[in-house]
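Residues per chain are reported as follows:
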Amino acid sequence: MLKAGVLGAGHLGKIHLRLLEQSENYKLVGFYDASKTQAKAIVDEFGYQLFNSVEELINAVDVVDIVTPTFAHFDVAKQAIEAGKHVFIEKPITNTVAEAEELIDLAKKHNVKGQVGHVERFNPAYTAVADKIDNPMFIEAHRLAEFNPRGTDVPVVLDLMIHDIDAILSVVHSKVKHISASGVSVISETPDIANARIEFENGCVANLTASRISLKNMRKSRFFQRDAYISIDFFEKKCEVVKMKDAPENPDDFAMILQNAEGVKKQIYFDNPNVPSNNAILDELDTFAEAIKNDTTPIVSLEQGKKALEVALQIIDCFNTSR
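The rules we used
- Residues numbered from 1 in each chain as written.
- Predicted model: local features only at pLDDT ≥ 70, side-chain atom pairs only at ≥ 80, totals over all residues.
- Heavy atoms only, no water.
- Helix = DSSP H or I, 4+ residues; strand = E, 2+ residues; numbered from the N terminus.
- Rg over C-alpha atoms; globule rule 2.2 N^0.38 Å.
- Buried < 20%, exposed > 50% of the residue type's maximum accessible area, 1.4 Å probe, protein only.
- Areas by Shrake-Rupley, 256 points an atom, 1.4 Å probe, with all protein chains shown as cover.
- Lys, Arg positive; Asp, Glu negative; His and termini not counted.
- Charge placed at Lys NZ, Arg CZ, Asp CG, Glu CD.
- Pairing = 2+ DSSP bridges.
- Axes fitted to C-alpha atoms, helices over the stretch in contact; angles between N-to-C directions.
- Contact = heavy atoms within 4.5 Å.
- Phe/Tyr/Trp six-rings, centres within 6.5 Å; stacked < 30°, edge-to-face > 60°.
- Lys NZ or Arg CZ within 6 Å of the ring centre and 35° of its normal.
- UniProt positions renumbered as here; feature names shortened; annotations may be inferred.
- Expected span 1.5 Å × (residues − 1).
- Salt bridge = Lys/Arg side-chain N within 4 Å of Asp/Glu carboxyl O.
- Core = buried A, V, L, I, M, F, W, Y, C linked by side-chain atoms within 4.5 Å.

## Here we look at the overall build of the protein chain
And then number 1: The number of helices and strands found in the protein chain is 9 helices and 14 strands.
And then number 2: The C-alpha atoms of the protein chain give a radius of gyration of 22 Å, which matches the 20 Å a tight globule of 323 residues would have.
And then number 3: In terms of overall dimensions, the protein chain has C-alpha extents of about 75 × 50 × 40 Å along its principal axes.
And then number 4: For the protein chain, the proportion of its 323 residues judged to be buried stands at 50%.
And then number 5: When the accessible surface of the protein chain is totalled, it reaches about 16,000 Å², and 48% of it is carbon and sulfur.
And then number 6: Mean positive and mean negative side-chain charge positions of the protein chain (35 and 47 charges, respectively) differ by 1 Å.

Below, the structure written as C-alpha cells:
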C-alpha cells in the first residue's frame, strides 16, 4: 500500500481523507491544514494524524494529495516533487500555465507521477460511453449550479467549466484553432456566467455554458458525430446513445426510419450502455495508485491538466478583451 497524506482539509479535503482511508491501495498517514482551528476540529471528529508542517507530511508519505486552494498548488506540489513524492493535484492544476509546465518538467526530472483531479473523467455516465465518442464534430455542454459562496474567489470557468473543457479535450484529437467567449459577473467579483465557443483545426466546434447562479443544477453534454448522437448527464449519471444505420429493405413495424432529401433511408436505434454505480473520487485516486505501481501514464496526466488550464485561461482572456 502506498503511504498517502492530504494537504488541505476543507470540504473536498475531508472527502479525500475519508476515501483514502477506505481505499485498498493507500495507507492514510495523516494530513496538514494551515488553519489550526479547522485541523483541530478534524482531529477531534475523525482522529486523523495531524502533521505540524507541509515538510513533515511530505517526508512521511509516498503520495501527496493536494487539496489546498489553487493559489497554493504550485508551491506545495513543487516541494513534494523535489522530495521525490508522487502528487495528486485537485483541479485546476495551478494558477498559471508556466507553473504547470515547471511541475511537468520537475516530475520528469525526479521520475515521479502526477495526476490532476478532473473527476468527471471518472463519472460512470462518461466512462460508459467514452469509447463510443469517435470524431465528434459538434459538442454542446451545460454546467449550471445553484449559488454557493465556496469557490467564488475564481471565475466560473476555473470553478465549473474546466470540467467540460478537460472532457472535450480528451475526445477531440485536434488542436484548438480559435476561441470566442463572454462572461458576466452578477454576484461575485469574477464572472458567474460564461459561454465559450471553441473551434478545432479538424472542424469540430464545442459550445460551452457555465453558471453558478442558476435555480437548479445541470451537468449535461451532447456529442454529435457521423451517424450518432451521444448524451451524457453527469449530474444524474445517465447517458444515451442514438445511432443511425442504413435502413433494411423491409423494416419491422416498430422501426424508426428517417429519409433525407436524396431519398436515403436511415434506421434509428438506441444503444444505451449500462451505467454502473461508483465513487468517482475514489476511482480517480485508485487509478492513480495503479499508475504508480504499474509505471503507466495516469488517466488525467499533468500535461492534460495543463492543456485544460491553458484553454480555460484563453477563455478568461476573451472576457478581458471584450470589455
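## Some words on the sheet that holds strand 11 (residues 228–233)
And then number 1: Ordered in space as 7-8-9-6-10-11-12-14-13, the 9 strands form an open sheet in which the pairing is mixed. Both edges of this open sheet fall to strand 7 (176–184) and strand 13 (256–259), since each of them pairs with a single strand only. Taking each pair of neighbouring strands and ignoring which way they run, the sheet shows an average axis angle of 15°.
And then number 2: Pairing between strand 11 and strand 12 (residues 238–246): 6 bridges, direction antiparallel. Its bridge partner lying in strand 12, Ile230 is registered against Val241.
And then number 3: Strands strand 6 (138–144), strand 7, strand 8 (193–200), strand 9 (205–211) and strand 10 (218–225) of the sheet are contacted by helix 7 (residues 156–171), whose axis makes an angle of about 155° with strand 9.

## Describing the packing of aromatic side chains
The geometry of an aromatic ring pair is captured by the separation of the ring centres together with the interplanar angle, meaning the angle of the planes.
And then number 1: In the structure shown here, the tally under the stated rule is 5 aromatic pairs.
And then number 2: When the centroid spacing of 5.5 Å and the interplanar angle of 15° are considered together, the rings of Phe46 and Tyr48 count as stacked.
And then number 3: Owing to a relative accessible area of 8%, Tyr48 belongs among the buried residues under this scheme.
And then number 4: Over the face of the ring belonging to Phe234 we find Arg143, whose NZ or CZ atom lies 5.4 Å from the ring centre.

## Side note on the UniProt feature "domain: GFO/IDH/MocA-like oxidoreductase" (unreviewed entry) in the protein chain
And then number 1: As recorded in UniProt, the feature "domain: GFO/IDH/MocA-like oxidoreductase" (unreviewed entry) lies at residues 156–216.
And then number 2: The span residues 156–216 is 26% helix and 39% strand, and its two end C-alpha atoms sit 16 Å from each other.

## So, helix 4 (residues 70–82)
And then number 1: Counted at 1.5 Å a residue, the expected span for helix 4 with its 13 residues is 18 Å, and the 19 Å between its end C-alpha atoms agrees.
And then number 2: All buried positions along helix 4 are accounted for by Thr70, Ala72, His73, Phe74, Val76, Ala77, Ala80 and Ile81.
And then number 3: Here the buried face of helix 4 lies against strand 1 (2–7), helix 3 (54–60), strand 3 (63–66), strand 4 (86–90) and helix 5 (97–110).
And then number 4: Of the residues trailing helix 4, Gly84 is marked for its positive phi of about 80°.

## Remarks on the pattern of salt bridges
And then number 1: Per the counting criterion, the structure on display carries 14 salt bridges.
And then number 2: A salt bridge links Asp271 to Lys243; its shortest N-O distance comes to 3.5 Å. Separated by 28 residues along the polypeptide, Asp271 in the loop between strand 14 (265–270) and helix 8 (280–294) and Lys243 in strand 12 bring together distant segments of the chain.
And then number 3: One network of salt bridges, with partners in common, ties together Glu120, Arg143, Asp164 and Arg219.

## Quick word on the side chain of Glu284
And then number 1: When you line up the elements, Glu284 lands in helix 8.
And then number 2: Here Glu284 is buried and forms no salt bridge, its nearest opposite-charge partner Arg121 lying at an N-O distance of 9.2 Å.
And then number 3: When sequence neighbours within four positions are dropped, the list of residues in contact with Glu284 reads Phe88, Glu90, Gln115, Gly117, His118, Val119 and Phe122.

## Thoughts on the nonpolar core
And then number 1: Of all hydrophobic cores here, the largest spans 95 residues; its most connected members are Tyr26, Val64, Val157, Met161, Ile165, Ile232 and Ile315.
And then number 2: Examining the composition of this core, we find that 10 residues originate from one element, helix 7, more than from any other.

## Notes on unusual backbone geometry
And then number 1: With an omega dihedral of -10°, the bond running from Lys91 to Pro92 counts as a cis peptide bond.
And then number 2: Here Pro92 is to be found in the loop between strand 4 and helix 5.
And then number 3: The phi dihedral of Lys237 is positive, around 60°, even though this residue is not glycine.
And then number 4: Its location among the elements puts Lys237 in the loop between strand 11 and strand 12.
And then number 5: Judged by its relative accessible area of 40%, Lys237 is partly exposed.
And then number 6: Its identity as a non-glycine residue notwithstanding, Asp295 has a phi of 55°, on the positive side.
And then number 7: With respect to the secondary-structure elements, Asp295 resides in the loop between helix 8 and helix 9 (302–321).

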